[in-house]
Amino acid sequence: MPARPPIVAGNWKMNLDRAQGRALAATAVARRHEAASTELVLCPPAVYLDTVGAALAGSDIGLGAQNAHDKPSGAFTGEVASAMLVDVGCRYVILGHSERRTLCGETDAVVNQKTKAALAAGLVPIVCVGETLEEREAGRTTDVVATQVRGSLAGLSPEHIEKLVVAYEPVWAIGTGKVATPAQAQEVHALIRRILGELATPAVANRVRIQYGGSVKPDNVADLAAQPDIDGALVGGASLKADDFLAIAKAFARA
Ligand code: PEP
């Protein structure tokens, strides 16, 4: 068992209909052996969690949500609680995706509350961080990512930090076709691991999976997967095609 089992998650965002989601999940199950040592997670739109969960039943492919509220229940119209996600079979939840940070105003403090709630409910949060192009060009990547990691994970115990996954997703690489170079990604992943070491312990940080996300495709994944601190990928567009998603997962599979 490698120290950090690779993990590849597909973020379907607001794409595919029910039949397409069911079919994609069924294909992933049928071809799961192609990337046997990579942990796989599918994150469909919330309304299809049940359907996709049923298609994944009996396989070891995990079901994940794309968001959760930080409160367990109550008058929060349109929201979904972590315990409800567990109830429909989720094991993972993406939190703090840059689209939610930008479009829904989610701050590090909000992501922090959601992360605590998800962990309390027994979910594995996939906590997303990443700088904008403007921030990178201003030489602020380290500051921005460090602040996001510290803020999003503030107050978590080492035991909780060990359970979660961090996704480094430079905003300028998401959905743009512009992938970070392996060296750029590795540098930020190493930074994130150093900060995790300060928030928990270096030994714990060494066990936390850090995914790269941002225009990962079958033809650019190999060099990313070869980096020592890149433990998997959070995949958007390419996760909508079974061939591409499985090829990416295979690139991370350990012999
Ligand atoms: C994402 O939204 O998490 C993502 C990485 O998207 P894409 O792969 O399409 O860039």
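For the structure itself, look to the data block above.
Residues numbered from 1 in each chain as written. Predicted model: local features only at pLDDT ≥ 70, side-chain atom pairs only at ≥ 80, totals over all residues. Heavy atoms only, no water.

Undergrad: Describe in detail the site of the ligand, supporting the description with residues and values.
TA: Around the ligand lies a shell of 14 residues, among which K13, H97, E169, G175 and S215 are the nearest. Between the ligand and the protein, one listed contact pairs an oxygen atom with a backbone N or O atom of G175 at 2.6 Å. In the model, an oxygen atom of the ligand is placed 2.8 Å from a nitrogen or oxygen of the G236 main chain. Within the complex, 97% of the 290 Å² of free accessible area of the ligand lies under protein. Class assignment of the residues belonging to the shell around the ligand gives a composition of four nonpolar, eight polar and two charged. (Near = heavy atom within 4 Å. Polar contact = N/O pair within 3.5 Å; in protein donor to acceptor, adjacent residues only side chain to side chain. Areas by Shrake-Rupley, 256 points an atom, 1.4 Å probe, with all protein chains shown as cover. Nonpolar A, V, L, I, M, F, W, Y, C, P; charged D, E, K, R; others polar.)

Undergrad: Lay out the sheet that holds strand β8 (residues 232-235) with the relevant residues and their values.
TA: In a beta sheet, neighbouring strands are held together by backbone hydrogen bonds and run either parallel or antiparallel to one another. The strand order β1-β2-β3-β4-β5-β6-β7-β8 describes a closed barrel built from eight strands, whose pairing is parallel. Neighbour-to-neighbour, the strand axes of the sheet open up by a mean angle of 25°, direction not taken into account. In this structure, strand β3 (residues 62-65) lies alongside strand β4 (residues 92-95), joined through two bridges in parallel fashion. Bridged to A65 within β4 is V93. Of the strands in this sheet, β5 (124-129), β6 (165-168) and β7 (209-213) touch helix α9 (residues 182-199), which is tilted by about 150° from β7. (Pairing = 2+ DSSP bridges. Helix = DSSP H or I, 4+ residues; strand = E, 2+ residues; numbered from the N terminus. Axes fitted to C-alpha atoms, helices over the stretch in contact; angles between N-to-C directions. Contact = heavy atoms within 4.5 Å.)

Undergrad: An account of the side chain of E131 is requested, with residue identities and associated values reported.
TA: Within the secondary structure layout, E131 lies in the loop between β5 and α6 (133-137). At 2.7 Å, the side chain of E131 and the side chain of R136 are in polar contact. Each residue touching E131, except ones within four places of it in the same chain, is listed here: R136, T141, V144, V145, Y168, P170, V171 and W172.

Undergrad: Any details on unusual backbone geometry? Residues and values, ideally.
TA: Located in the positive-phi region is K13, a residue other than glycine, with phi close to 55°. With a phi close to 60°, S215 is a non-glycine residue in the positive phi region. Inspection of the secondary structure puts S215 in the loop between β7 and α11 (221-225). Owing to a relative accessible area of 9%, S215 belongs among the buried residues under this scheme. (Buried < 20%, exposed > 50% of the residue type's maximum accessible area, 1.4 Å probe, protein only.)

Undergrad: Please provide a residue-by-residue account of helix α12 (residues 242-252), values included.
TA: A242, D244, F245, L246, I248, A249 and F252 are the residues of α12 that are buried. Where α12 is buried, its residues meet β1 (7-11), α1 (18-30), β2 (39-43), α11 and β8.

Undergrad: Summarise the environment of V235; cite the residues concerned and give the values.
TA: If you trace the backbone, V235 turns up in strand β8. In this structure the C-alpha to C-alpha distance between V235 and A9, which are 226 residues apart in sequence, comes to 6.1 Å. Residues in contact with V235, not counting those within four places in the same chain, are V8, A9, G10, N11, V216 and I248.

Undergrad: Tell me about the side chain of D108, and please be specific about residues and values.
TA: Among the structural elements, D108 can be located in helix α5 (residues 108-121). Its relative accessible area of 18% is what places D108 among the buried residues. In this view, D108 contacts R101, T147, Q148, G151 and S152; residues no more than four positions away in its chain are not counted.

Undergrad: I'd like a rundown of the pattern of salt bridges, residues and numbers included.
TA: Considering all chains together, one arrives at 15 salt bridges under this definition. For D70, the salt bridge is made with K71, and the minimal N-O distance between the two is 3.0 Å. Judged by relative accessible area, D70 falls into the partly exposed class, the value being 21%. A network of salt bridges, in which partner residues are shared, links R4, R193, D229 and D231. (Salt bridge = Lys/Arg side-chain N within 4 Å of Asp/Glu carboxyl O.)

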